[in-house]
Amino acid sequence: MADHYENFAKDPELLKADLSPLQYQVTQNAGTEPPFQNEYWDHKAAGIYVDIVSGEPLFASIHKFDSGTGWPSFYRPINEQYIRLKSDYALWMPCTEARSRYADSHLGHVFNDGPPPTGLRYCINSAALKFIRKEDLQAKGYGELIALFADEERK
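Values in this document were obtained by computation on a predicted structure and should not be read as measured data.

(A) Looking closely at the sheet that holds strand β6 (residues 95-100). With antiparallel pairing, the 6 strands of this open sheet are ordered in space as β3-β4-β8-β7-β6-β5. Where the open sheet ends on each side, the last strands, each with one partner, are β3 (64-65) and β5 (83-88). As defined by bridge partners, β5 adjoins β6 across 6 bridges and the pair is classed as antiparallel. When the sheet's bridge partners are listed, isoleucine 83 is paired in β6 with serine 100.

Okay, structure coming up:
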């Protein structure tokens, strides 16, 4: 699946036309959306979250948890190959920025105060994400990720 994204190229003018001003500010200028006033902070449907710019599969609803912060939070990505971590000193303290690997979109930050099994909290801006429902994974080209939900269906 990575081969599909490796040759991804983004044209800033096309991005400005395709993305909302907030999506552009967050993904291209490392902006942050307001807490509790974003699309996915309290979203509970089953599916995956992909990069709004490239479609890279980033996070799954099965790894999402309520961190109480007002942003979607995940304890791990679907596959670390699609996430780049970078030291960031823009906030009030040194922290780790999460970016998508191929589109290089700013996603949010990673903190060491998450739940088991990783102890990590990927605090992600909704504006950097697009949600693909579990029922639509095959049709949208993410069929290989249906297996993520196999355990959930056995319950």
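This is not the end of the story, as more comes after the structure.
(B) Broad picture of helix α3 (residues 21-29). Along α3, the residues classified as buried are Gln23, Tyr24, Val26 and Thr27. Once α3 ends, the next one or two residues include alanine 30, with phi positive near 55°.

(C) Focus on the packing of aromatic side chains. Tallied over the entire structure, the rule returns 8 aromatic pairs. Within the aromatic cluster, the residues linked to one another by ring pairs are Tyr40, Tyr49, Phe59, Phe74, Tyr122 and Phe131.

(D) Empty space enclosed by the protein, seen in detail. Counted under the stated rule, the structure contains 1 cavity of 30 Å³ or more. The computed volume of the largest cavity comes to approximately 50 Å³. What lines the largest cavity is simply Phe36, Trp41, Phe65, Asp66, Ser67, Gly68, Thr69, Gly70, Trp71, Pro72 and Ser73. Of the residues assigned to the lining of the largest cavity, the class counts are 5 nonpolar, 5 polar and 1 charged.

(E) Quick peek at the sheet that holds strand β1 (residues 47-51). The 3 strands lie next to each other as β2-β1-β9, forming an open sheet whose pairing is antiparallel. The open sheet terminates on both sides in strands that have one partner only, identified here as β2 (57-60) and β9 (129-133). The sheet shows a mean angle of 30° between the axes of neighbouring strands, direction not considered. When β1 meets β2, the two strands line up antiparallel, connected through 3 bridges. Its bridge partner being in β2, valine 50 is matched across the sheet by proline 57.

(F) Inspection of the side chain of glutamate 33 at higher detail. Among the secondary structure elements, glutamate 33 is positioned in the loop between α3 and β1. Buried charge glutamate 33 goes without a salt bridge, the closest partner of opposite sign being lysine 64 at 10 Å. Engagement of the side chain of glutamate 33 in a polar contact is seen with the backbone nitrogen of alanine 127, the distance being 2.9 Å. Each residue touching glutamate 33, except ones within four places of it in the same chain, is listed here: Leu22, Val26, Asn38, Trp71, Ile124, Asn125, Ser126 and Ala127.

(G) Highlighting the pattern of salt bridges. Tallying each qualifying case throughout the model produces 8 salt bridges. Between arginine 84 and aspartate 104 there is a salt bridge, with the nearest N and O atoms lying 2.2 Å from each other. Remark: aspartate 104 occurs in the loop between β6 and β7 (106-111) and arginine 84 occurs in strand β5; sequence separation between them is 20 residues. One network of salt bridges, with partners in common, ties together Arg84, Lys86, Glu97, Arg99 and Asp104.

Parameters and conventions
- Residues numbered from 1 in each chain as written.
- Predicted model: local features only at pLDDT ≥ 70, side-chain atom pairs only at ≥ 80, totals over all residues.
- Heavy atoms only, no water.
- Pairing = 2+ DSSP bridges.
- Helix = DSSP H or I, 4+ residues; strand = E, 2+ residues; numbered from the N terminus.
- Buried < 20%, exposed > 50% of the residue type's maximum accessible area, 1.4 Å probe, protein only.
- Phe/Tyr/Trp six-rings, centres within 6.5 Å; stacked < 30°, edge-to-face > 60°.
- 1 Å grid on protein atoms, 1.4 Å probe; cavity = no way out; pocket = protein on both sides within 12 Å on 5 of 7 lines; lining within 4 Å.
- Points joined across faces, edges and corners; volume = space filled by probe spheres on them.
- Nonpolar A, V, L, I, M, F, W, Y, C, P; charged D, E, K, R; others polar.
- Axes fitted to C-alpha atoms, helices over the stretch in contact; angles between N-to-C directions.
- Lys, Arg positive; Asp, Glu negative; His and termini not counted.
- Salt bridge = Lys/Arg side-chain N within 4 Å of Asp/Glu carboxyl O.
- Polar contact = N/O pair within 3.5 Å; in protein donor to acceptor, adjacent residues only side chain to side chain.
- Contact = heavy atoms within 4.5 Å.

Everything listed here is a matter of coordinates, which is why it stays silent on function.
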